[in-house]
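What follows is the residue order along each chain.
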Amino acid sequence: MFNRLIKWLLIALISLTIALNSTLVTAQTSTIEQEQQGINFYQNYQSQQAIQIWEQVLQVYQEKDDQFSQARVLSNLALAYQQKGEWEKAEQALAQSLNLIKSVSETSVNLSLIAQILNNQGLIQLGKGQAEQALETWQKASQAYAKSSDKIGYLRSQVNQAKALDLMGLHSRACQILAEALQVDLTICLPNNLDKIPRLEHNKNIIIKKLKQLENNIDSVKFTAWHTLAKELRETAQPELSQIILQNLLSQANSSEDQAIILLSLGKIYSSEKNHKIALDFYQKAEIEAVNPLTKVLILLQQLELFQVTEQWTAIPDLVKKISSKLEELPITQDAIYAQINFISHLILIKKTSSNINLPSWLELAKISANIVQQAKIINSPRIESYALGNLGAIYEQTKQLDIAQTLTEQALIIAQSLNTPEIIYRWQWQLGRILHLVGDHEKAIFVYNEAVNTLELLKKDIVYTNQNIQFSFTSTVEPVYRELVSLLLQPDTNGNIPQENLIKARSTIESLQLAELDNFLQENCLKAQPKSIDELARDAAVIYPIILPDRLEIILSLPQQPLKRYVTPVPKSQLTSTALKLRQTLVIRSRRDFYEPAQNLYQWLIRPLEQDLKNAQIETLVFVLDGALRNIPVGTLYDGKQYLIEKYETSLTPGLQLLNPQPLQQTSLYTLGVGITQARKGFSPLYYVAQELESIQENVKSRIMLNQAFTFQDFQEQLLDNSFPIVHIATHSQFSSNFEQTFLLSWDKKINVRQLESLLKGKSNSQNNAIELLVLSACETATGDEKATLGLAGIAVRSGARSTIATLWSVNDEASAELMRTFYQTLAVGKKTKSQSLREAKLKLLSNAKYRHPFYWSAYILLGNWL
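Residues numbered from 1 in each chain as written. Predicted model: local features only at pLDDT ≥ 70, side-chain atom pairs only at ≥ 80, totals over all residues. Heavy atoms only, no water.

Draft legend 1. Quick peek at the overall build of the protein. Along the protein, the regular secondary structure elements total 35 helices and 15 strands. Considering only residue pairs separated by 6 or more positions, the protein has 69% of its internal contacts joining residues 24 or more positions apart. For the protein, the accessible area works out to roughly 37100 Å², and carbon and sulfur atoms hold 49% of it. (Helix = DSSP H or I, 4+ residues; strand = E, 2+ residues; numbered from the N terminus. Contact = heavy atoms within 4.5 Å. Areas by Shrake-Rupley, 256 points an atom, 1.4 Å probe, with all protein chains shown as cover.)

Structure follows, in structure tokens:
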């Protein structure tokens, strides 16, 4: 009996033990499930629900004295508090989490937890705008993930490092980190070095092949990594590669939110390419899919920017109301505050541009900006505080409360200078200069403007430190700084005089603007200034700088061995621009003579004031550093009522004397490579007289000719590498635009862009001793109505390394072109004439022929660079 009782007691005890263990397992499982539930809420931006669950879970772990799990949950709680905008609680939770893991031993499991907490710490630091600290924290997290062999965690930390570098403006480094983490060839991040890396097509193949391997097998971390890589490729001026990735990700998106961010990114690419209708369609689709309230706001802000650029003013008021209500729902986070700053910046520009739109008043904008200043202090972000104070100063500038505007702007500038952020510094220097000008402090305004220009000169495109949600264009935020400084420098004193030092500074400033525009067009800082005095160039040449300002045309004239001279014509920019456009449009209509009126007006404004000084100095060559809409006209067609300018002077163009390398053409070496296409190719019409044009080169100078099928990219490259040609003559369709991607010339098998042409023409050496003396593009055209289209021509001229470039502003009659080129090479071969003299004689010969007297036939040819 006793033994039986013992037996039953043992069975009962065992059953109780099993039950207790089962309960413990169930409880533990339940806690882990709750943790995951909190993660799901957090990922769906339901931070309050996530906080409630994690606080309950934390209490369970505290009762069990499970420090390991407490640390994990606290770090997650910190993120949820941050998402909700409760920064003090976020920092407290993170501090507790970091304190708990100090005593944790470094097993592989524990290292993974340490890495996770460090990862979360970096997210909070980045959320406060502390990019450098976040980068350092994520580097530590990467080391911990690597030690614990946590591949997914390691990739996540690499993506986060790239995001920190992105915020710091270091896009190439960010791209390289991502490419390495995704095991993609690093050369995709180096688009500007075509001598050493595969061409664009090869880079495309690299990405397509890698993405195909991941088809239907991409987790959320890899998805984010590839999306971030696409963004960095867009930032490094590779929209084609970015677009390939984004379109692939769109088909693999696992959630509506993922679809929204991809659609938003695609919209940005199309918007940057001025395909505004397609961009808007992407933005509208993204808005429907977006779950994150912040993502919705960012999408709406892109729509606002698009409406602003395309001047869809009537659509703006309702959109502004919509954005305002959405912004009010956002918690206080770095991204949310940047969205507000972006919103205010857009509204300031729109209100300045169009005063008839029903928008929030300046007082309302001031209140919002003042609130942003306080929010910046809450998250302890001096960078955001500087932006907010500067915006507030801009608002008071508009309301003419200049004392307050000056104080706020100076405060913003001091913060920006303490952070050593030149991309912010120059903005507040520029704003302060405007305010000082308005209060009448002329000298101090010039000083501050000059500081702003100096700061801009320090900025290089590949290292600009800017936030991804605050985008500015060159035309609206860089170019005006230079022009406004020039305008101040050229204002006479009370005696009507302008100091010579001001004229010299104005000239150097406008040349710096020319360089900056080319850098911006070429998407890199690659132009090395080589300042030259006019006295070093030629005794019979004058350099003319027309400077288009809103209310007047300023002209600076540089004559050999004389002080600079200044002339002013009170013609508004709008009138001058429309006149130049009319001339450009009427010159290409062969059946009419409507060009005389605009040609004569432009002569009166540009040349008539200078005539006597040019005559006294016995000038024979006019070198123009053209500005704005004047770049798209052939200056030789300016008409004094009896003669064209080309009948009186040789003419040449240059982006600026800082770029000029003035060496005469070596008459003993005119070895020429002539290439061209006569047949219709890739949608372009045939050029029947190209063969005749190339034959005329053979008749006059030693040459090698590649025609039609012989003119392939590869064969062209081999000829340039294996030989030294002082002259390269390209007779094929070429197109030039202010859009870098739409600037190219046509070979038999492909389009050759600016960078590819640079790589080809510079060949084996970058030495000036081996530079091409003359590049001829005899069948090119620039986009009509595109004021900056000739940047494409200047870009080709500069990047090719050629000392001189002859090109056409429009697609000319190829029979006339063949005749002009025959005369040009005949004259050049004699050996006594400069390039500008030879081109002028060729033009005059056509002009004297009744068949070709209309300027359409002869005036399109322009000489850029060295005219000697």
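Draft legend 2. Fine view of the nonpolar core. Grouped together as the largest cluster of nonpolar side chains are 270 residues, with contacts concentrated most on I188, W226, F716 and I730. Considering each element in turn, this core owes the most residues, 10 residues, to helix α16 (residues 334–353). In contact with W226, not counting residues within four places along its chain, are L182, V184, I207, K210, L211, L214, I218, I245 and L249. (Core = buried A, V, L, I, M, F, W, Y, C linked by side-chain atoms within 4.5 Å. Buried < 20%, exposed > 50% of the residue type's maximum accessible area, 1.4 Å probe, protein only.)

Draft legend 3. Region of the structure containing helix α27 (residues 596–606). Considered for burial, the residues of α27 that qualify are P598, A599, L602, Y603, W605 and L606. Burial along α27 is one-sided: seen end-on, the buried residues are contained in an arc of 170 degrees. Against β1 (541–549), β2 (552–558), β3 (565–569), α26 (573–587) and α28 (611–616) lie the buried residues of α27. (Arc of directions from axis to C-beta.)

Draft legend 4. A look at the packing of aromatic side chains. According to the stated counting rule, one finds 14 aromatic pairs in the structure shown. Their ring planes at 80 degrees and their centres at 5.2 Å tell us that F856 and Y857 sit as a pair that is edge-to-face. Ring pairing ties together the aromatic residues F595, Y596, Y639, Y644 and W858, which thus form one cluster. Looking at K351, its charged tip hangs above the ring of W362, at a distance of 4.9 Å from the centre. Its guanidinium or amino end placed over the ring of W748, R681 lies 3.8 Å from that ring's centre, counting from NZ or CZ. (Phe/Tyr/Trp six-rings, centres within 6.5 Å; stacked < 30°, edge-to-face > 60°. Lys NZ or Arg CZ within 6 Å of the ring centre and 35° of its normal.)

Draft legend 5. Spatial organisation of the environment of R704. By secondary structure assignment, the location of R704 is in strand β7 (residues 703–707). Exposure remark for R704: the relative accessible area of 32% places this residue in the partly exposed category. Each C-alpha atom of the pair R704 and T672 lies 6.4 Å from the other, and the pair is 32 residues apart in sequence. In terms of polar contacts, R704 uses its side chain to reach the side chain of Y671, at 3.4 Å. (Polar contact = N/O pair within 3.5 Å; in protein donor to acceptor, adjacent residues only side chain to side chain.)

Draft legend 6. Examining the pairing of strand β6 (residues 672–676) more closely. β6 sits mainly inside the fold: five of its five residues count as buried. Burial along β6 is two-sided: T672, G674 and G676 and L673 and V675, pointing in opposite directions, are all buried. With five bridges connecting them, β6 and strand β8 (residues 727–731) associate as parallel partners. From the neighbouring strand, G676 faces β8, where its bridge partner is A731. (Pairing = 2+ DSSP bridges.)

Draft legend 7. Representation of the packing of helix α20 (residues 422–439) against helix α23 (residues 479–489) within the structure. Here α20 crosses α23 at 30 degrees, and the two axes come no closer than 11 Å. On the basis of the axis angle, α20 is roughly parallel to α23. Relative to α23, the crossing made by α20 is left-handed. Here Y426, W430, R434 and H437 of α20 come into contact with α23, specifically with P480, V481, E484 and L488. Its residues placed into classes, the contact of α20 with α23 shows five nonpolar, one polar and two charged. (Axes fitted to C-alpha atoms, helices over the stretch in contact; angles between N-to-C directions. Parallel < 35°, antiparallel > 145°, perpendicular 65-115°, else oblique. Left-handed = near helix turned anticlockwise from the far one by under 90°. Nonpolar A, V, L, I, M, F, W, Y, C, P; charged D, E, K, R; others polar.)

Draft legend 8. Focus on the pattern of salt bridges. A full pass over the atoms with the stated rule returns 23 salt bridges. With a closest N to O distance of 3.2 Å, E86 and K84 form a salt bridge. Among the residues examined, E86 registers a relative accessible area of 23% and is labelled partly exposed. Across the salt bridge formed by D166 and K231, the nearest N and O atoms sit 2.8 Å from each other. You can see D166 sitting in helix α7 (residues 151–167) and its partner K231 sitting in helix α10 (residues 220–235), a full 65 residues away along the chain. (Salt bridge = Lys/Arg side-chain N within 4 Å of Asp/Glu carboxyl O.)

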